[in-house]
2 protein chains.
Amino acid sequence: MNTSIRTAGLETCGWTEHAVASTRNTYPMQTSFFVNTRYRDAPGSPIRELNRFTHLPDMLSLAGGYPDPALMDAQALQRLLVGLPASDFAAALKYGGTEGEELLRLELAKLSATRGLRTMATDILTLSGSQQGIDLLARTVLNEGDTVLVEAPTYPAALSAFRIAGARIHQLPSDQQGLVLDGLEDALIQHRPKLIYIVPTFGNPTGRTLPLERRHALLALAVKYNCLVVEDDPYGELWFDVAPPPAIYSLRDRIRGAEHCCIYLGSLSKIVAPGLRLGWMLGPADVRRACVLAKQTDDMHASTLTQVAAAHYLRQELLALQLPRLRAVYGARAKSLACVLREHLGDSIAFDEPAGGLFLWARVRGVDTSHWLHNAIRHQVMFVPGNAFFAHPTDPCTLRLSFAGLHEEQLLQAGKRLARSLSSAEPV
Amino acid sequence: MNTSIRTAGLETCGWTEHAVASTRNTYPMQTSFFVNTRYRDAPGSPIRELNRFTHLPDMLSLAGGYPDPALMDAQALQRLLVGLPASDFAAALKYGGTEGEELLRLELAKLSATRGLRTMATDILTLSGSQQGIDLLARTVLNEGDTVLVEAPTYPAALSAFRIAGARIHQLPSDQQGLVLDGLEDALIQHRPKLIYIVPTFGNPTGRTLPLERRHALLALAVKYNCLVVEDDPYGELWFDVAPPPAIYSLRDRIRGAEHCCIYLGSLSKIVAPGLRLGWMLGPADVRRACVLAKQTDDMHASTLTQVAAAHYLRQELLALQLPRLRAVYGARAKSLACVLREHLGDSIAFDEPAGGLFLWARVRGVDTSHWLHNAIRHQVMFVPGNAFFAHPTDPCTLRLSFAGLHEEQLLQAGKRLARSLSSAEPV
């Protein structure tokens, strides 16, 4: 997202200006002597930059990528910590191994099995959120100047991690079924990428899911050209009506050599609680070993206390009880948002109804969504302009809407505000 | 530490061989196609490599750098989580800002004040352990080929972080009062270092403390030559009889320009609990901003749940109740270890009795401590050979002993085993 989203136009309206001043952490904009070239001019997360507006009174935000806190099983988690024997609680305050607590790794292996992933607990690297896995891979796999392939649009924090590692980013087009494979072999030959990053299941930002045959073809091509497939899967369990195809990582037994070429990143943030900061990595032992070394000098290991809490939560099969509720609520909200958009924005917006995850990706006709956002914020509704999700800005008329955090009544209200703000937005 | 410590000689004794096989995470030693040059040949943490021996039956380990789990205030922390109102507990499961929870930053500002550090809560960057601060600085400050100055000996994980960032490391000598400043100005002129890393208070591994006048002179010289002083302070609160001099960071108001040139890293790992993975950074806004960006693509933020637990723990002044106990127990153990070493190893070992922290640094006459360690492990006692703490191996006769984890009776036993294993160790 270019800086104009963050500033242009907003200075003129007093209340947003005040909100910006009061909620922002103040960093001077001067050039620093000490900060290196990679970070000196690096922009912050465009989505986090929008956070300051989400707390304005009566704002209805479709911008966040957050699960609804009201849907987290807080009671069960607290009860579980209360019920933990004192000696177990005390043990959860100690230093642990970088790979993670054995108890949690056992449970994550079982959870992985539900996504078609057979793994041993000892082959799991516990992460402080799956985002950390992207960062560890960027640090341990990429050399300056390496090329990374991504689907367009994709997750912006992954783009940041790859850019900071000095990688060139080549984006491949996607359609309603996710990554388009037509140009992939040419790109593999021409750019010799070190890795492909993909969110193939209810992807961020599109909500789209790559069909099984494309998963297989993608992995086969990656293996042929010695390219590491990094599959980021925070949303795979959040399907509404039909379970998605098995993870790409689960196909590695079917393709010769594939076991060396794929990585799976799982997350508890969307299905248990993001405040625990827990995710996990599956992948070849040599890459995991490098990630363990990088993690040793970083945070050493994920919090032992949250690992123990999550392990007991999973062990008591509380997630299995919770998932049907998450699927039902998010599914209903997705349908509501789709209805509302159809009813109130009609032909001016195009989108596909998501089958899982937290996001709906849309395109409006003839309107730059960065400009529309200014108007929308004045109408107390927010979304993320689509260009934030491209390595190279591609289509200014796209946007990401998250239905996850709003009740159906609020979604209706948000839809009306979107319609009003769009009708008064300037055309491109 | 060279690899011979980890393997040579140990294959021959069956029980250690078995222990190694059963506790090690298995990674193949083959060269990886995907792992980049920085990580392909990077050695693991030598101290973590020793962990596998600490769990052998009846082993008395002086090797760890860990606080005694029995001294953590587990009951109070569990009670506090039990007593948290349901809505506060639920809020502690949400995503948070990268800088940390407001409640915790307020408490960390108060805690910093006890070390002479005046800071606003909004100027605190919460870390997932203070180790992460070193890593974030290595990533955001260093360019390939930059020079880092360190005292010799120093903390190995800091050396790893700097090496992986591609830095050259120049080590400066230290004496019983910590870093020797005689050669510092020459080193600043000759090597033009980007940063100096130092653990000036009850340092790891030496337990030594830099006096106030050296702190002042160090900072003044660093400012003169535009070098960033990174002060790592996990042990400052663990003084036995007399509080240490104020932190270097607290001197920045007295030297013109110093406010742009120093960083302070604090930690809750040694005084509250390491399993919480919490530390904090104070420093100039531009460097903190860069670290926030790096942390955004890494773990996003420290666990909200552990932040909230720590905030309430500090707010209820439970740490203030706990610190006198920690100081008394660690102080008594330090004295016991010193006594035992004097009594059982006599003239063959030289050391200064530590005045705080977790470590005693020693030198034995005419014995390579890496070789002695093999013998010591057979006698069921462990320490860390000193060369692990040097950027360039300097003195094979040094060793680090931690008294933190053993009772006085165990320390006596450990001393006897050290003496027995030393008497049968081969001379250099």
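Scroll up a little and you will see the structure.
Only a predicted model underlies this, so the values are computations on that prediction, with no experimental measurement involved.

Caption draft 1: Here's a closer look at the overall build of chain A. Helix and strand counts for chain A stand at 16 helices and 14 strands. Against the compact-globule benchmark of 22 Å for 428 residues, chain A has a radius of gyration of 22 Å, which places it among compact chains. For chain A, the C-alpha atoms occupy an extent of roughly 55 × 55 × 55 Å along the three principal directions. For chain A, contacts bridging at least 24 residues in sequence account for 76% of all contacts bridging at least 6. Accessible surface, chain A: about 15600 Å² in total, of which carbon and sulfur atoms supply 52%. Within chain A, one finds 42 positive and 42 negative side-chain charges whose respective centroids are separated by 2 Å.

Caption draft 2: Summary view of the packing of helix H15 (residues 369–378) of chain B against helix H16 (residues 408–423) of chain B. Residues and elements named next belong to chain B. Taken N-terminus to C-terminus, the directions of H15 and H16 make an angle of 120 degrees; their axes are 9 Å apart at the nearest point. Viewed along their axes, H15 and H16 adopt a mutual orientation that is oblique. Handedness of the H15/H16 crossing: right-handed. Mapping the contact onto sequence places Trp372, Asn375 and Ala376 in H15 and Leu418, Ser421 and Leu422 in H16. For the contact of H15 with H16, the class distribution of residues is four nonpolar, two polar and no charged.

Caption draft 3: Layout of the interface of chain A and chain B. Of the residues lining the interface, 87 residues belong to chain A; the matching set on chain B comes to 86 residues. With both sides pooled, the region where chain A packs onto chain B buries about 7400 Å², and carbon together with sulfur makes up 58% of that total. Between chain A and chain B we count two salt bridges in total. B:Asp135 is the partner of A:Arg139 in a salt bridge, and the nearest nitrogen-oxygen pair spans 2.5 Å. Counting every contact that joins chain A to chain B gives 34 residue pairs in polar contact (both at pLDDT 80 or more). Put simply, the parts of the chain that give the side of chain A that touches chain B at least two residues each are helix H3 (37–40), helix H5 (74–83), helix H6 (86–91), helix H8 (130–141), helix H9 (156–164), helix H12 (285–297) and helix H13 (304–315) of chain A. Top element by residues in the side of chain A that touches chain B is H12(A). It accounts for eleven residues. Taken together, the residues of the side of chain A that touches chain B break down into 43 nonpolar, 29 polar and 15 charged.

Caption draft 4: Representation of the environment of B:Val229 within the structure. Residue and element names in this part refer to chain B. Relative to the assigned elements, Val229 resides in strand S7 (residues 228–233). On the basis of relative accessibility, which here comes to 1%, the residue Val229 falls in the buried class. Spatially, the C-alpha atom of Val229 lies 6.1 Å from that of Cys261, the residues being 32 residues apart in sequence. Not counting chain neighbours up to four residues away, the residues in contact with Val229 comprise Ile196, Ile198, Leu219, Ala222, Ile248, Cys261, Cys262 and Ile263.

Caption draft 5: Representation of the sheet that holds strand S10 (residues 349–351) of chain B in the model. All names here are of chain B. Taking strand neighbours across the sheet as the criterion, the four strands line up as S10-S11-S14-S13 in an open arrangement whose pairing is antiparallel. Two strands lie at the open edges of the sheet, namely S10 and strand S13 (384–385), each paired on one side alone. Sheet topology places S13 next to strand S14 (residues 398–402); two bridges connect them, and they run antiparallel. What sits directly across from Pro385, in S14, is Leu399. This element, helix H14 (residues 318–345), spans S10, strand S11 (359–364) and S14 of the sheet and lies at about 155 degrees to S10.

Caption draft 6: Structural detail: the nonpolar core. Core analysis: the biggest nonpolar cluster contains 310 residues, and A:Phe162, A:Tyr197, A:Trp372, B:Phe162, B:Tyr197 and B:Trp372 have the highest contact counts within it. A:Tyr197 has contacts with A:Ile134, A:Leu149, A:Val150, A:Glu151, A:Thr154, A:Tyr155, A:Ala158, A:Phe162, A:Val230 and A:Asp232, leaving out every residue within four places of it along the chain.

Caption draft 7: Layout of helix H7 (residues 102–113) of chain B. Taking 1.5 Å per residue as the helical rise, H7(B) with its twelve residues ought to reach 16 Å, and the 17 Å between its terminal C-alpha atoms agrees with that figure. Summarising the contacts, the buried residues of H7(B) are in contact with strand S2 (125–127), strand S9 (279–282), helix H13 (304–315) and H14 of chain B.

Caption draft 8: Local environment of the relation of the copies chain A and chain B. Once chain A is rotated about the relating axis by 180 degrees and shifted along it by 0.0 Å, it coincides with chain B to within an RMSD of 0.0 Å. The symmetry that links the two subunits is that of a two-fold axis. Closest approach to the rotation axis within chain A is made by the C-alpha atom of A:Val82, at a distance of 2.7 Å.

Caption draft 9: How the structure looks around the state of the cysteines. Residues and elements named next belong to chain A. Considering all chains together, one arrives at zero disulfides over all chains under this definition. The cysteine Cys262 is free of any disulfide, with Cys261 supplying the nearest cysteine sulfur at 7.2 Å. A residue is classified by how much of its surface remains accessible, and Cys262, at 1% relative accessible area, is buried.

Caption draft 10: Looking closely at the pairing of S9(B). Residue and element names in this part refer to chain B. On S9, burial covers both faces: Gly279 and Met281 on one face and Trp280 and Leu282 on the other are all buried. Relative to S9, S2 runs antiparallel, the two being bridged by three bridges. Across the sheet, residue Leu127 finds its bridge partner in S9, namely Gly279. Where strand S8 (residues 262–267) and S9 come together, four bridges link them in antiparallel fashion. Counterpart to Ser267 in the pairing with S9 is Gly279.

Caption draft 11: The arrangement of the side chain of A:Thr140 in detail. Looking at where A:Thr140 falls in the secondary structure, it is placed in helix H8. One polar contact links the side chain of A:Thr140 to the main-chain carbonyl oxygen of A:Leu136, over a distance of 2.9 Å. Other than its neighbours up to four places away in sequence, A:Thr140 contacts A:Ala290, A:Cys291, A:Ala294, B:Phe34, B:Val35, B:Asn36 and B:Tyr39.

Caption draft 12: Up close: unusual backbone geometry. Residue A:Pro205 is reached from A:Asn204 by a cis peptide bond, and omega for that bond is 15 degrees. Structurally, A:Pro205 is set in the loop between strand S6 (195–198) and helix H11 (212–224). In this chain, B:Ala152 is followed by B:Pro153 through a cis amide linkage whose omega measures 0 degrees. Residue position: B:Pro153 is located in the loop between strand S3 (147–152) and helix H9 (156–164). Of note, A:Phe202 is a non-glycine position whose phi angle comes to about 50 degrees, a positive value.

Caption draft 13: Examining the sheet that holds S2(B) more closely. All names here are of chain B. With mixed pairing, the eight strands of this open sheet are ordered in space as S2-S9-S8-S7-S6-S3-S4-S5. Strands at the two margins of the open sheet, each flanked by one partner only, are S2 and strand S5 (178–179). Where strand S6 (residues 195–198) meets S7, four bridges bridge the pair, whose relative direction is parallel. Bridge pairing in S7 places Ile198 opposite Glu231.

Caption draft 14: How the structure looks around the packing of aromatic side chains. As enumerated under the stated definition, the model contains 20 aromatic pairs over all chains in all. Arranged with centres 5.9 Å apart and planes meeting at 85 degrees, the rings of A:Trp361 and A:Phe389 form a pair that is edge-to-face. Of this pair, A:Trp361 sits in strand S11 (residues 359–364) while A:Phe389 sits in the loop between strand S13 (384–385) and strand S14 (398–402), placing them 28 residues apart in sequence. Of the two residues examined, A:Trp361 and A:Phe389, each falls in the buried class. Taking 4.7 Å as the distance between ring centres and 45 degrees as the angle between the ring planes, the aromatic pair formed by B:Trp372 and B:Phe383 counts as tilted.

About the thresholds
- Residues numbered from 1 in each chain as written.
- Chains lettered and ligands numbered in written order.
- Predicted model: local features only at pLDDT ≥ 70, side-chain atom pairs only at ≥ 80, totals over all residues.
- Heavy atoms only, no water.
- Helix = DSSP H or I, 4+ residues; strand = E, 2+ residues; numbered from the N terminus.
- Rg over C-alpha atoms; globule rule 2.2 N^0.38 Å.
- Contact = heavy atoms within 4.5 Å.
- Areas by Shrake-Rupley, 256 points an atom, 1.4 Å probe, with all protein chains shown as cover.
- Lys, Arg positive; Asp, Glu negative; His and termini not counted.
- Charge placed at Lys NZ, Arg CZ, Asp CG, Glu CD.
- Axes fitted to C-alpha atoms, helices over the stretch in contact; angles between N-to-C directions.
- Parallel < 35°, antiparallel > 145°, perpendicular 65-115°, else oblique.
- Left-handed = near helix turned anticlockwise from the far one by under 90°.
- Nonpolar A, V, L, I, M, F, W, Y, C, P; charged D, E, K, R; others polar.
- Buried area = accessible area lost by both parts, 1.4 Å probe.
- Salt bridge = Lys/Arg side-chain N within 4 Å of Asp/Glu carboxyl O.
- Polar contact = N/O pair within 3.5 Å; in protein donor to acceptor, adjacent residues only side chain to side chain.
- Buried < 20%, exposed > 50% of the residue type's maximum accessible area, 1.4 Å probe, protein only.
- Pairing = 2+ DSSP bridges.
- Core = buried A, V, L, I, M, F, W, Y, C linked by side-chain atoms within 4.5 Å.
- Expected span 1.5 Å × (residues − 1).
- Least-squares fit on C-alpha atoms with pLDDT ≥ 70 in both.
- Disulfide = S-S within 2.5 Å.
- Phe/Tyr/Trp six-rings, centres within 6.5 Å; stacked < 30°, edge-to-face > 60°.

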